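Residue strings, one per chain:
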Amino acid sequence: MRLLIENAHLLDPAQGIDRVTDIYIQKENVVALGEAPRDFEPQRRIDAAGRLVIPGVVDMAARLREPGQEHKATVASETRAAASAGITTLVCPPDTNPPVDSPAEVELITRRAKQACGVRVHALGALSSGLAGEQLSEMAALKRAGVLGVSQALKPMASHLLLRRAMEYAASHGLTVYLHPIDWSLNAKGCVHEGPVGTRLGLPGIPAAAETAALGTILALTEQTGARVHLCRLSTARAAQMLARARHDGLPISADVAAHQLFLTDMDVADFNSLCHVMPPLRSQRDRDGLRQAVADGAISAICSDHQPHEADAKLAPFAQTLPGISSLETLLPLTLRLAEEGVLSHAEAVRRITANPAEILGLPVGTLAPGHRADLCIIDTEASYRPEAETWLSQGRNSPFFGWEFAGRVTHTLVAGRIIFESNH
């Protein structure tokens, strides 16, 4: 397929490009920007006049629920939702059922992804066998099967000593360790941020120290072991400050934040809204502002969806008994663009947080539209405003607190390796 995207406002932070140009695509790759290559005859043209073209979005954390929880979602349903939202690459954590602790699970997810719409799907492997936190997984076999790194997801390790051994083992295989800084003994079965709102609602709280205490341990072990560590889903201003200091001191550490943590606070839980039940919990406005500052400063270098689709019943019990998580693939791009509208980041830096930066952390050759790179991109009609609603949602999970919000910018086309995998009929 030879494709010409004409008059596109190309925004590619990895190349420092922010201009109107033409994009020439042949087979799987971008072959030229601006001037046509010799003998290039397009088989199809897309007029992108007045539209923004960015590299395909790279989502560092999206649970697809397969294998084991297909009543919540499937690889097919969620990759279709991802494609509609400009996401061309996503990473699923290892807490499927069974967990991704052997090559068999990696191969199953890879096979299901190949049968789906075309979004690239990568898996993280389990840090411990069965995610039980008691013995190390077969990381060498997982690496051969193609995992991008290893993670304990939202499961505790039996001891700091075992975590140290796991980090050493991962480092010996060149695997990045993806860790959630949560001290489960301080977490104490809480479900909201420990503060005035949680106290007023009578709900058990999770203190900010549950994150910062765990982060202190992780930073000490990173220094001790030399492992490459990525911190998943920071939620407190203090943790963001600790991260910035560690990076300044030269630790090989990176971090992401879930998009909803940059907009919602514990005040959004005030009427027992179970759609705002997430882990880590929504924190105070001060924490939210601190996270925004850390994203702007570059200490937190990536924004992810932390997509967790649920069936309706999972959110219908009393708040503390509902399952945490937001169905959020379809709001990652609009929320990130809203950060630019609100002046938190420039448009280029906002796009960088969901393209080039996550690609670099994951070690993937995506996140840019430089000639010679894969033609993974999305085209956005920035003039189109819309409100997401349950009826128009493509994810199988309808558990989003963002229904009814007004967003500017709608994806019209998504391409993976030069092939159109989503085209809007709006």
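The structure we're discussing is the one just above.
The structure presented is a predicted model; accordingly, all values stated were derived computationally and were not measured. (Residues numbered from 1 in each chain as written. Predicted model: local features only at pLDDT ≥ 70, side-chain atom pairs only at ≥ 80, totals over all residues. Heavy atoms only, no water.)

A short note on the overall build of the protein chain
Along its length, the protein chain carries 12 helices and 19 strands. Oriented by its inertia axes, the alpha-carbon framework of the protein chain measures out at about 65 × 50 × 45 Å. Looking at the protein chain alone, contacts between residues at least 24 apart form 74% of all its contacts between residues at least 6 apart. Accessible area for the protein chain stands at about 16,500 Å²; split by element, carbon and sulfur atoms hold 48% of it. (Helix = DSSP H or I, 4+ residues; strand = E, 2+ residues; numbered from the N terminus. Contact = heavy atoms within 4.5 Å. Areas by Shrake-Rupley, 256 points an atom, 1.4 Å probe, with all protein chains shown as cover.)

Some remarks on the packing of aromatic side chains
How two aromatic rings sit relative to each other is given by the distance of their centres and the angle of their planes. One pass over the structure, following the stated rule, counts 6 aromatic pairs. On the numbers, 6.4 Å between centres and 80 degrees between planes, the contact of Phe263 with Trp405 is edge-to-face. With a gap of 142 residues between them, Phe263 in the loop between β15 (253–258) and α9 (285–297) and Trp405 in the loop between β17 (377–386) and β18 (407–416) connect regions that are remote in the sequence. The class for Phe263 is buried, based on a relative accessible area of 8%. A residue is classified by how much of its surface remains accessible, and Trp405, at 23% relative accessible area, is partly exposed. Ring geometry for Tyr386 versus Phe407: centroids 6.2 Å apart, planes at 45 degrees, classification tilted. Pair noted here: Tyr386 is in strand β17 and Phe407 is in strand β18, with a separation of 21 residues, a long-range link. Its relative accessible area of 15% is what places Tyr386 among the buried residues. Judged by its relative accessible area of 1%, Phe407 falls in the buried class. (Phe/Tyr/Trp six-rings, centres within 6.5 Å; stacked < 30°, edge-to-face > 60°. Buried < 20%, exposed > 50% of the residue type's maximum accessible area, 1.4 Å probe, protein only.)

Quick word on the pairing of strand β7 (residues 87–92)
The buried fraction of β7 amounts to 6 of the 6 residues, a majority that puts the element mostly inside the structure. Note that strand β6 (residues 57–59) and β7 share 3 bridges and pair parallel. The partner of Asp59 across the bridge, within β7, is Leu90. On the question of chirality, the crossover connecting β6 to the parallel β7 by way of helix α1 (residues 75–84) is right-handed. As paired elements, β7 and strand β8 (residues 120–123) share 4 bridges and run parallel to each other. Within the sheet, the bridge partner assigned to Val91 lies in β8 and is His122. (Pairing = 2+ DSSP bridges. Right-handed = clockwise from strand over helix to strand, strands pointing away.)

Examining unusual backbone geometry
Cis geometry marks the peptide bond from Glu66 to Pro67, where omega comes out at 5 degrees. Among the structural elements, Pro67 can be located in the loop between β6 and α1. Residues other than glycine seldom take positive phi values, yet Asp39 does so here, at roughly 60 degrees. Tracing the backbone shows Asp39 in the loop between β3 (29–33) and β4 (44–47). Not every positive phi belongs to a glycine, and Ala188 is a case in point at roughly 45 degrees.

Things to note about the sheet that holds strand β10 (residues 149–151)
Sheets are built from strands that pair by backbone hydrogen bonding, the pairs being arranged parallel or antiparallel. A sheet is described by the order of its strands in space; here 6 strands give the open sequence β9-β10-β11-β14-β15-β16, paired in parallel fashion. At either end of the open sheet lies a strand with only one pairing partner, and these are β9 (125–126) and β16 (302–304). By the bridge criterion, 3 bridges tie β15 to β16 in an arrangement that is parallel. Residue pairing across strands places Val257 opposite Ile303, the latter belonging to β16. Lying over the sheet, helix α7 (residues 209–225) contacts β11 (176–179), β14 (229–231) and β15, oriented at roughly 165 degrees with respect to β14. (Axes fitted to C-alpha atoms, helices over the stretch in contact; angles between N-to-C directions.)

Here's the deal with the side chain of His310
Along the chain, the position of His310 falls in the loop between β16 and α10 (332–341). At a separation of 3.0 Å, a polar atom in the side chain of His310 contacts the side chain of Lys72. In contact with His310, other than residues within four places in its own chain, are Arg65, Lys72, Lys315, Leu323, Pro324, Gly325, Gly397, Arg398 and Asn399. (Polar contact = N/O pair within 3.5 Å; in protein donor to acceptor, adjacent residues only side chain to side chain.)

Quick look at the pattern of salt bridges
In a structure, side chains of opposite charge can pair up when their charged atoms sit close to one another. Within the structure shown, the criterion is met by 18 salt bridges. The salt bridge partner of Arg233 is Asp256, with a shortest N-O separation of 2.9 Å. With a gap of 23 residues between them, Arg233 in the loop between β14 and α8 (237–248) and Asp256 in strand β15 connect regions that are remote in the sequence. According to the relative accessible area criterion, Arg233 is buried, its value standing at 5%. Taking the shortest distance from any N to any O, the salt bridge between Glu406 and Arg387 comes out at 3.1 Å. With Glu406 in the loop between β17 and β18 and Arg387 in the loop between β17 and β18, this pair connects stretches of sequence that are 19 residues apart. By sharing partners, the salt bridges in this structure join Arg63, Asp95, Arg233, Asp256 and Asp306 into a single network. (Salt bridge = Lys/Arg side-chain N within 4 Å of Asp/Glu carboxyl O.)

A closer look at the environment of Val269
Tracing the backbone shows Val269 in the loop between β15 and α9. Other than its neighbours up to four places away in sequence, Val269 contacts Val192, Leu201, Cys276, Leu282 and Phe319.

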